[in-house]
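These are the residues of each chain, in order.
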Protein chains: 2
Amino acid sequence: MKPFHSYSNPALAIDLVVFGYHENELSVLLLNRKDEPFKGGWVLPGAFLQMEERFSDTCSRVLRTKLGMDKLYLEQLYTFDELDRDPRGRAISVTYFALVNPSRLEFSAGTMANDVQWFSVKKIPDLGFDHKIIFKKALQRLRSKILYFPVGFELLDEYFTMTELHELYETILDISLDRRNFRRTILASEYILPTGTKREGLQNRHPELYVFNKKLKKNNFQLNIPLS
Amino acid sequence: MKPFHSYSNPALAIDLVVFGYHENELSVLLLNRKDEPFKGGWVLPGAFLQMEERFSDTCSRVLRTKLGMDKLYLEQLYTFDELDRDPRGRAISVTYFALVNPSRLEFSAGTMANDVQWFSVKKIPDLGFDHKIIFKKALQRLRSKILYFPVGFELLDEYFTMTELHELYETILDISLDRRNFRRTILASEYILPTGTKREGLQNRHPELYVFNKKLKKNNFQLNIPLS
DNA sequence: TCCGTTTGCGTTATTTTGACACAAACTAAC
DNA sequence: GTTAGTTTGTGTCAAAATAACGCAAACGGA
């Protein structure tokens, strides 16, 4: 399939903001560039759109290469069009944000491609291109989204404790939430379901394990986390 | 500025969903195509991105041509990438939605380009390309946006009555809202300010006129319209 | 067994919401 | 002008949601 224009079109890049949550820290996946421009600097992982590709195909290509996993939660974020965002020439960037539970990845931190690394969202280095702006927009989106959408689905293990879910929300929103009010609200929505079981290995541990309610219609769902 | 790719890139279209509000009706601007494909059919107004153009420049070009006005409220909606969305070949569409008070336009219904027309959102004809999907997404966005963002700024006259604002919300959301609760909520937020004046021309009209509060930080603003 | 911490369950005061009553201001018809 | 019906501004009240926090059982480590 060819473009039907006689004149040339801007290059089309797909850039990804991949969020990972692990041990009370929210991180983003960054790539260390091997080539100019920004050689040696950090950028968001991305690739150019191929002619016959859907955006999600390009995302999968990048994710598979860098994380060994391609079926993540993906959501289109925004399309950036500044004229000088790429020093090589006009390039449009369609950006996505992805959520991943790092413990589910094929590549663990040790075996990951040596040009990629997780960075805490609180310690993001300077980024090439306009990627700092893209990152900020993604974080903003995640923070507003978590208030009304069950984002934890993608970031926690299948079984998790109330404390873990509570800490996920505190970490992402970067505020403290009353533990007891949080519990009440979350349970009143049918966001998660109690399993009645305790964590294995620990002989008689107290905290109950929960699972996400798969029967939930993710669409018209409304959470409304109490902010205190 | 040239693209720096050796291989060719997809064409990049900018398509606009322009909403207008007039006499308790929410309408969308549609264009009647003069050429194939979809000759004679209705589509959203749009244009191809030129090499040195920002998206907003392309939007302005389209708006100026069709409405004689280019400084509207504009918001990027979504970028569509289906492979077969344009029968002529691969074309990506970056879509925007715009809000207009038709009474502020240079071109009134009579003097508008004869290939454009307002259609009530309740009576949208079949649309070419994937434009029906784009339209639906825009309407959805407008409806969710109005619940927490002062959208009326763009759709009403400078001075307006409480009833007019109330009816705007009812029309866009397509539900009925309790007049008295709506008033209470809107006034409690500082979304609008009373002017203490009455409408001119009508010697002693009762309904008070309001203006939008320009000092409002449009960012972290939260409305929360009561839905009853 | 003791002690500090975590977890589950509850109470209470305050605020917000939803539903609606009522009278003053207005318009149109006579 | 007077009258009748409508629109507009203000207030009330019960129910629901929110915010703040008490307490004891379950737990882990010393």
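Refer to the structure above for everything that follows.
Residues numbered from 1 in each chain as written. Chains lettered and ligands numbered in written order. Predicted model: local features only at pLDDT ≥ 70, side-chain atom pairs only at ≥ 80, totals over all residues. Heavy atoms only, no water.

K.L.:
Any chance you could break down the pairing of strand β1 (residues 11-22) of chain A for me, citing the residues and the numbers?
P.N.:
Residues and elements named next belong to chain A. Counting buried positions over the 12 residues of β1 gives 11, a clear majority of the element. In the sheet, β1 pairs with strand β6 (residues 91-100) via 10 bridges, with the strands oriented parallel. Note that in β6 the partner of G20 across the bridge is V100. Pairing analysis gives three bridges linking β1 to strand β4 (residues 46-48), with the strands arranged antiparallel. Across the sheet, the residue bridging to A13 is F48, located in β4. Here four bridges tie β1 to strand β2 (residues 25-32), and the two strands are oriented antiparallel to one another. By the bridge assignment for β2, F19 is matched with V28. (Buried < 20%, exposed > 50% of the residue type's maximum accessible area, 1.4 Å probe, protein only. Helix = DSSP H or I, 4+ residues; strand = E, 2+ residues; numbered from the N terminus. Pairing = 2+ DSSP bridges.)

K.L.:
For helix α2 (residues 131-145) of chain B, give the residues involved together with the corresponding values.
P.N.:
Residue and element names in this part refer to chain B. Over its 15 residues, α2 runs 21 Å from end to end, which matches the ideal 21 Å to within 8%, given 1.5 Å per residue. For α2, the complete set of buried residues consists of H131, I134, F135, A138, L139, L142 and K145. End-on, the buried residues of α2 take up no more than an arc of 135 degrees, which puts them together on one face. Those residues of α2 that are exposed and aimed more than 90 degrees away from the buried face are I133, K136 and Q140. At its buried positions, α2 is contacted by β1 (11-22), β2 (25-32), β3 (42-43), β5 (73-80), β6 (91-100) and α4 (162-173). (Expected span 1.5 Å × (residues − 1). Arc of directions from axis to C-beta. Contact = heavy atoms within 4.5 Å.)

K.L.:
Can you break down the pattern of salt bridges residue by residue, with the values?
P.N.:
Residues and elements named next belong to chain A. Counted under the stated rule, the structure contains 26 salt bridges over all chains. As a salt-bridge pair, R61 and E53 come within 2.6 Å of each other at their nearest N and O atoms. With a relative accessible area of 10%, E53 lands in the buried category. Residues joined in a network through salt bridges with shared partners are D15, R85 and D130. (Salt bridge = Lys/Arg side-chain N within 4 Å of Asp/Glu carboxyl O.)

K.L.:
Explain unusual backbone geometry to me, using residue names and the numbers behind them.
P.N.:
Here the bond from E36(A) into P37(A) is cis, since omega is -5 degrees, no more than 30 degrees from zero. Within the secondary structure, P37(A) is located in the loop between β2 and β3 (42-43). A positive phi angle, close to 50 degrees, is found at F129(B), a residue other than glycine. Looking at where F129(B) falls in the secondary structure, it is placed in the loop between β7 (116-120) and α2.

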